[in-house]
Amino acid sequence: MAWRAYVVDTISGQIMCPIDLPNFSWSVSVADSSLSTTKSKGVGQNEVSGLKVPWTAVPANSPSERSRLLAPDRRSIALCWTSPLDSEDAIGTPILCGLIGQRKDGPLDTDFSLTSLYGLLGDRYLVREGVYGAANGSTSTDVINFSNLSLRAIAAEAGWLCTNAKPGGGLPIDWHYRGEKGSHQREYDSWDIQNLKCSDVWDKIANVENGPDLQLRPKLSGNTIRFDFLAGSDANPDIAQGTILELSSSPYGGTLENVTIDHLGAVHRVYASGSGTDKAQLCHLSEDLSLVSGDHEPFPLREMAYSDTDAADANLLRQHADGVLSANHAPLMQIKGELHANDMSADGTPLHPLGSFWPGETMRLDIQGFPSLADGVYECRLMQMSGDLTDKVSLIFDAMDDPMA
């Protein structure tokens, strides 16, 4: 029951060799989990830090072999979790896999960061080959138009065009949902290149009201690490899941430990501004004043401003503003806690090994005896999990309406 790390070829996903990592910290999220009125949902991040590797742990025998094995971008590092049910020579379940980023070599060790595939898509632009600046050598008039598709289909098409359709752009991603029908339309003008990063395109799709979760989830396919592009549907923005994991917490123990609960007040108005300048700037007000006035004890009015200079369509700006208001329209609470991935039942079966649950999935939390929360079972969506080389996993759940407010 431990972590195993491997050097992976970035383009093919082929596992090249194991590597011993003496220390690291990791984090996987499905969206912005901060309890903040200024947050945007966005797309989750996969992060690994603290990778300082002694040269003696690098399975290579010469300077050229070491440099080639740990070449930035060309190579990735995969972190896999093994459980008691895995054989001794099992690769394990991939939890994170990222490209080797900036590397700093010293006489005794090498220090580097990892870049997620989503991070790499921040360096890919949604523009067709051979069209940018093609008109008279000075302008670019090409438009990519997606119509009558679901939001996740648009995200998948954008991802495919930013990878498979580019020279050297291929990545081991399985692009599900391409061509899925829906009622959405998006246009991307090639001249607007500053707003066409694939990661930005995904963020804007996720941030509309009821926008879908978007996730690149690693998986083992033979001796390769591949990624499933997973997303929520137009009908249900949450990523589909199987069994709901149940955790418990009480003063006498439980599988969810060190529980804390954060609280935050509500926002009642969102002043949204879009593209344009001065008097021509696109504007929209989203508001819900039900908590400010009425027969109940009122809340003081709280307002906020939201800006999206890329929103040139009034309806799209409204969707973004409504999404921000929807996420903050009521007093919020957010549950956090910890579990141990090595926890086992009485018969030795792992209760919740890493790989059996993912950010974006719903869990049932049976919380008893907490001083500021009524006893009960709370269904919460896991937004972020993080940890280190031990089995302790910190969990952050989605902000939810505060039942005690």
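If you're wondering where the values come from, they're calculated on a predicted model, not measured in any experiment.

J.: Just checking my understanding: could you explain the overall build of the chain for this structure?
T.: Along its length, the chain carries five helices and 23 strands. Its C-alpha atoms give the chain a radius of gyration of 23 Å, within 12% of the compact-globule value 22 Å for 405 residues. With the C-alpha coordinates of the chain rotated into their principal frame, the extents come out at 75 × 70 × 40 Å. Across the 405 residues of the chain, 49% fall into the buried class. Contacts in the chain between residues far apart in sequence, at least 24 positions, make up 68% of those at least 6 positions apart. Only carbon and sulfur atoms are counted for the fraction: they give 48% of the accessible area of the chain, which is about 18,800 Å².

J.: Help me out: how do you make sense of the environment of Asp 295 in this one?
T.: Within the secondary structure, Asp 295 is located in the loop between strand 17 (283-287) and strand 18 (303-307). Judged by its relative accessible area of 89%, Asp 295 falls in the exposed class. With 110 residues separating them along the chain, Asp 295 and Ala 405 place their C-alpha atoms 15 Å apart.

J.: So what exactly am I meant to see when it comes to the pattern of salt bridges here?
T.: When the charged atoms of two side chains lie near each other, side chains of opposite charge can form a pair. Across all of its chains, the model carries 18 salt bridges by this definition. Asp 142 is paired through a salt bridge with Arg 128; the nearest N and O atoms lie 3.1 Å apart. With Asp 142 in the loop between helix 2 (117-120) and strand 9 (143-149) and Arg 128 in the loop between helix 2 and strand 9, this residue pair connects regions lying 14 residues apart in the sequence. A relative accessible area of 37% means that Arg 128 is categorised as partly exposed.

J.: Teacher, can you tell me more about the packing of helix 3 (residues 151-161) against helix 4 (residues 198-207) here?
T.: The description of two packed helices rests on the angle between their axes and on the distance between the axes. Packing of helix 3 against helix 4 brings their axes to within 10 Å, and their N-to-C directions diverge by 180°. Our classification of the angle between helix 3 and helix 4 gives roughly antiparallel. Across the interface between the two elements, Leu 151, Ile 154, Ala 155, Ala 158 and Gly 159 of helix 3 pack against Cys 198, Val 201, Trp 202 and Ile 205 of helix 4. Partitioning the contact of helix 3 with helix 4 into residue classes produces eight nonpolar, one polar and no charged.

J.: I tried to follow the environment of Val 393 on my own but got confused; where do I start?
T.: Tracing the chain through its elements places Val 393 in strand 22 (residues 392-397). The sequence separation of Val 393 and Pro 72 amounts to 321 residues, and the corresponding C-alpha distance is 28 Å. Once residues within four sequence positions are removed from consideration, Val 393 is found in contact with Trp 26, Gly 337, Glu 338, Leu 339, Ala 341, Leu 354, Met 385 and Ser 386.

J.: Please explain unusual backbone geometry as it appears in this structure.
T.: Glycine aside, a negative phi is what most residues show, and trans is what most peptide bonds show. Unusually for a residue other than glycine, Asn 148 sits at a positive phi of about 55°. Summarising the element assignment, Asn 148 is placed in strand 9. Positioned with a positive phi, Asn 258 is a non-glycine residue whose angle comes to about 50°. Take Asn 258: it is sitting in strand 15 (residues 257-264). Of the residues examined, Asn 258 reaches a relative accessible area of 55% and is grouped as exposed.

J.: Help me understand the sheet that holds strand 8 (residues 109-115) in this model?
T.: In sheet architecture, strand pairing relies on hydrogen bonds along the backbone and comes in two forms, parallel and antiparallel. The strand order across the open sheet built from six strands is 2-1-6-7-8-5, with neighbouring strands paired in antiparallel fashion. Each edge of the open sheet is held by one strand with a lone partner, namely strand 2 (15-18) and strand 5 (51-54). In this sheet, adjacent strand axes meet at a mean angle of 40° when their direction is disregarded. In the sheet, strand 6 (residues 75-82) pairs with strand 7 (residues 93-105) via six bridges, with the strands oriented antiparallel. By the bridge assignment for strand 7, Ser 76 is matched with Leu 99.

J.: Where do I start with the side chain of Thr 110 in this structure?
T.: Among the structural elements, Thr 110 can be located in strand 8. Only 2.6 Å separates the side chain of Thr 110 from the side chain of Asp 105, close enough to count as a polar contact. If we skip the residues at most four places from it in the chain, Thr 110 touches Leu 51, Lys 52, Val 53, Trp 55, Leu 70, Arg 103, Lys 104 and Asp 105.

Conventions adopted
Residues numbered from 1 in each chain as written. Predicted model: local features only at pLDDT ≥ 70, side-chain atom pairs only at ≥ 80, totals over all residues. Heavy atoms only, no water. Helix = DSSP H or I, 4+ residues; strand = E, 2+ residues; numbered from the N terminus. Rg over C-alpha atoms; globule rule 2.2 N^0.38 Å. Buried < 20%, exposed > 50% of the residue type's maximum accessible area, 1.4 Å probe, protein only. Contact = heavy atoms within 4.5 Å. Areas by Shrake-Rupley, 256 points an atom, 1.4 Å probe, with all protein chains shown as cover. Salt bridge = Lys/Arg side-chain N within 4 Å of Asp/Glu carboxyl O. Axes fitted to C-alpha atoms, helices over the stretch in contact; angles between N-to-C directions. Parallel < 35°, antiparallel > 145°, perpendicular 65-115°, else oblique. Nonpolar A, V, L, I, M, F, W, Y, C, P; charged D, E, K, R; others polar. Pairing = 2+ DSSP bridges. Polar contact = N/O pair within 3.5 Å; in protein donor to acceptor, adjacent residues only side chain to side chain.

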